[in-house]
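The lines below spell out each chain.
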Amino acid sequence: MKEQKNPEQVRIPTIEEMQSMYEEDLRMEAVKTSEYDSNKKIEEQGEFFRTFRGFEEKDNKIPANSGENNFYYEKYKAYVEEETLNMGKKIQAIENLIEYERFFLFWERRVNSESNNYSHYGSSPATRYRSDRIEKLENELEEILKNSPEAWEFYYKRQLVNDIETQHQQRLVTVPYVAGAKQKVIDSLNLGVPVYIVGHLGSGKTQLATEAALDFTVQNKIQRELEVKMEIWFSVNPTATEKDAIEKFREFNEERKLYYKNILTNGSKDEIESLQPLFISGSHNLTYEDMFVEKTLTLKHSFSKGSYSDYLNMIIGDFYEWMEEHRERLEQMTDEEQLQLKIQIWKSFSDLLVASNSAFGTEIKKTEREILIAVKEGRTVIVDELNTIAMQNLIALNDILQRHAGSTAYITGVGPVLIKPGFGFIGTGNLSTQMVNYEGTNELNPAFKSRFVTIEYNYVPQKAAGSLEQQEFPEENELFRIIIARLADKNGNIHIPAPKRTLEELFRFSQLCRVTQNVFMGRWKDNEVQKDSGMDEPELRESVLSIRNILHVLDNWNQGEEKDMSKALWDGFISSITYPDDQNYILAQAVRFGFFPVGDGWNVETKGIGEATTTYDEIRTRPYRYVRPSIETLSWLDAVHLVFGNGTARKTLPELLKDSLEAGVDDSKQIDAKKYQELDRQLSHLEHSKDLLEYLEDNGGKR
């Protein structure tokens, strides 16, 4: 048993104090982890690099944790880590049950759909049963997150790490707005309904279409493969219980997900292309035939390669057949006459063969285009900028758009074609307003548009009022969440200068971005900041701080290594704006949000409408000099609190932990060593494995 300090010298820290020690521990661990990861990569470099590396001089050292060698804190930390591990297992068990129920629900709906000739899914007692099960399990998960701090931290740390990973893969961060839009697209495709995604410049609608189409394809492949795998498994294990089936489903499901993930990251070109949607860029020159079949003029080859011996054998066969038919007449000739006749006959056969297999001039060759391929092979197809195609040509899509998989559609210039299951159609288009009009776009015919589920997809939500500390619901600031994910390392830790000041500045940057987005969309009146600005109907015609431009600014800033946010905002975006009124408006709004302060050598003067663009020399009063503050580290828990809120707070200690702590300090509650060791063992394990087993038994088949 660990030696304890004299009770008179050490008191039990409050839960707030121990939680503070724990959070400081995480920050120190983040520094060590970062250095370890960096050193591993350095070892892979050459001798020259390792020998002549230089280092920043660090004045600040990692502070000693006040929790070190503290018996009570060590017990608290061990409890938190063990509880987090066990709650993580419980969350994953519930999530597996939800996926199992969804797997069965999708299977039931497909069976219903096929029995109704793919016309609709249809509701049945079996589908309603699965839907109710899913709702019940989701409520259980919500209750766990609401009541357990460790469950909440496990769940949202995983979301943060997933945000970081998706950004590294150059995919959209699945904030609620993005996830909701993507699910709408997938649900519509599963119903066999085409989707039309409209949005403003830089909102990411084409990326959304591509990712939704990819996820739709992969999910359907996994679904079909799991159906086969589970049937084969059960045929070999006919006495298995549903609890066994749920565990086997988890195993198969994880293996299939990993398989397709590996294909998308390390697969061959053909493997990746088989999952990706087919793609067409719309234009006013695209005809109805071009959408299905491409016609080209080609020179026809006389013979197919590799077939000359076949042709020679054909001539020989015909030649001997002719001689057999005319054998009697040949026998009446002299040898010389026979030879001359045979030569002439052979030459005639050769000339006839060449003539029948030769073409002179050119011929029209037809090549199937993406939409026709998608229909025949059961794949998704995206028509980007659908509303740039002439309406009279889009009408050729009518029959395809109104029919479901398993039925036959008539395609102009091709004829009837069977629509294979897995086919999906997604169109994208720019959304024009009174202020912003995209040249070359058309308004779709209402009758044609009615065949689609139309989804308006724009910029992710972000509150434009209040400071970072004043945000009552930080999880609603989804744009700020994307920014944090961009700055965090793979473990979720953040290394930035003067964190409190920098985070507030980054939050104001996200607010500035939202203001430009609202103005660009013509929704500035929805913004309280704009109402108070005293401006009448501001507008932006060409420029907006879209996600693409936001990431340019963040990369230019590079976590404050060489410049502050004001200089990065100028270099990474504002200086590149060529339309004067757009530049002047955005620059003025940046000043309102605290950027380009006079004290740092900036002097931004408001310009009138129609004046020239602003140059760097106009707004600088002295040469730019940047003094970088000391870099500090925030842990993954700090990052989670920034974007998801404070979560579930622990107000009281569990009785088992409380008894153990008090036993070490209160003489009236002293226990002998043997009893203490038993209590310590119970505390360390908490018997969560048993709790988890009981949970699975209750939910794995006992309905």
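Presented here is a report on the structure given in the accompanying data block. (Residues numbered from 1 in each chain as written. Predicted model: local features only at pLDDT ≥ 70, side-chain atom pairs only at ≥ 80, totals over all residues. Heavy atoms only, no water.)

Packing of helix 5 (residues 149–168) against helix 17 (residues 478–487) leaves a shortest axis separation of 9 Å and a crossing angle of 75°. One finds that helix 5 runs roughly perpendicular with respect to helix 17. The segment helix 5 lies against helix 17, with Gln-159, Asp-163, Ile-164 and Gln-167 engaging Arg-481, Ile-482, Ala-485 and Arg-486. Of the residues assigned to the contact of helix 5 with helix 17, the class counts are 3 nonpolar, 2 polar and 3 charged. (Axes fitted to C-alpha atoms, helices over the stretch in contact; angles between N-to-C directions. Helix = DSSP H or I, 4+ residues; strand = E, 2+ residues; numbered from the N terminus. Parallel < 35°, antiparallel > 145°, perpendicular 65-115°, else oblique. Contact = heavy atoms within 4.5 Å. Nonpolar A, V, L, I, M, F, W, Y, C, P; charged D, E, K, R; others polar.)

This paragraph deals with helix 5. For helix 5, with 20 residues, the first-to-last C-alpha span of 29 Å sits near the 28 Å given by 1.5 Å per residue. As for helix 5, its buried residues are in contact with helix 1 (15–42), helix 3 (71–115), helix 4 (125–147), helix 17 and helix 24 (636–644). (Expected span 1.5 Å × (residues − 1).)

Now for the nonpolar core. Nonpolar side chains in soluble globular proteins generally cluster together in the buried interior. Among the nonpolar cores identified, the biggest contains 120 residues, and Leu-506, Phe-509, Leu-569, Ile-574, Phe-595 and Phe-596 are the most heavily contacted of them. No other element matches helix 3, which puts 13 residues into this core. Among all residues touching Leu-506, those that are not within four sequence positions of it are Phe-480, Ile-483, Leu-487, Leu-554, Trp-557 and Met-565. Counting residues in hydrophobic clusters, the runner-up holds 31 residues, among them Leu-372, Val-383, Leu-397 and Ile-411. (Core = buried A, V, L, I, M, F, W, Y, C linked by side-chain atoms within 4.5 Å. Buried < 20%, exposed > 50% of the residue type's maximum accessible area, 1.4 Å probe, protein only.)

On to the sheet that holds strand 1 (residues 195–199). What links the strands of a sheet is backbone hydrogen bonding, and the strands pair in either a parallel or an antiparallel sense. An order of 2-5-8-1-9 is seen for the 5 strands of this open sheet, with the pairing classed as parallel. Strands at the two margins of the open sheet, each flanked by one partner only, are strand 2 (278–281) and strand 9 (453–456). Neighbour-to-neighbour, the strand axes of this sheet turn through a mean angle of 20°, independent of strand direction. Here strand 2 runs beside strand 5 (residues 380–384); their pairing, made up of 4 bridges, is parallel. From the neighbouring strand, Phe-279 faces strand 5, where its bridge partner is Ile-382. Along the sheet, helix 13 (residues 370–377) contacts strand 2, strand 5 and strand 8 (424–430); its crossing angle with strand 2, the most-contacted strand, is approximately 155°. (Pairing = 2+ DSSP bridges.)

In this section: helix 22 (residues 580–592). Look at helix 22: 18 Å from first C-alpha to last across 13 residues, which is about the 18 Å you get at 1.5 Å a residue. What helix 22 keeps buried is the set Asp-582, Gln-583, Asn-584, Tyr-585, Ile-586, Leu-587, Gln-589 and Ala-590. Once helix 22 finishes, Gly-594 follows within two positions and takes phi at roughly 95°, a positive value.

Right, let's get into the environment of Phe-103. For Phe-103, the location among the structural elements is in helix 3. For the pair Phe-103 and Ile-222, spaced 119 residues apart in sequence, the C-alpha to C-alpha distance is 9.7 Å. With near-sequence residues (within four places) excluded, Phe-103 lies in contact with Gln-223, Leu-226, Glu-227, Met-230 and Phe-249.

To continue, consider the pairing of strand 1. By the criterion of burial, strand 1 is predominantly enclosed, with 5 of the 5 residues buried. One ladder, built from 5 bridges, connects strand 1 with strand 8; its direction is parallel. Note on strand 8: the bridge partner recorded for Val-195 is Ile-426. Across 4 bridges, strand 1 lies against strand 9 in parallel orientation. Each residue of the ladder has a partner; that of Tyr-196, found in strand 9, is Thr-454.

Time to look at a nonpolar patch on the surface. Taken together, the side chains of Leu-312, Ile-316, Tyr-320 and Trp-346 make up a nonpolar region of the molecular surface, amounting to roughly 380 Å² of accessible area. Considering each element in turn, the nonpolar patch owes the most residues, 3 residues, to helix 10 (residues 308–325). Position of Ile-316 among the secondary structure elements: in helix 10. Taking the relative accessible area as the measure of exposure, Ile-316 reaches 30% and is therefore partly exposed. (Patch = residues over 30% accessible without salt bridge, like charges linked within 9 Å, V, L, I, M, F, W, Y side chains within 5 Å. Areas by Shrake-Rupley, 256 points an atom, 1.4 Å probe, with all protein chains shown as cover. Salt bridge = Lys/Arg side-chain N within 4 Å of Asp/Glu carboxyl O.)

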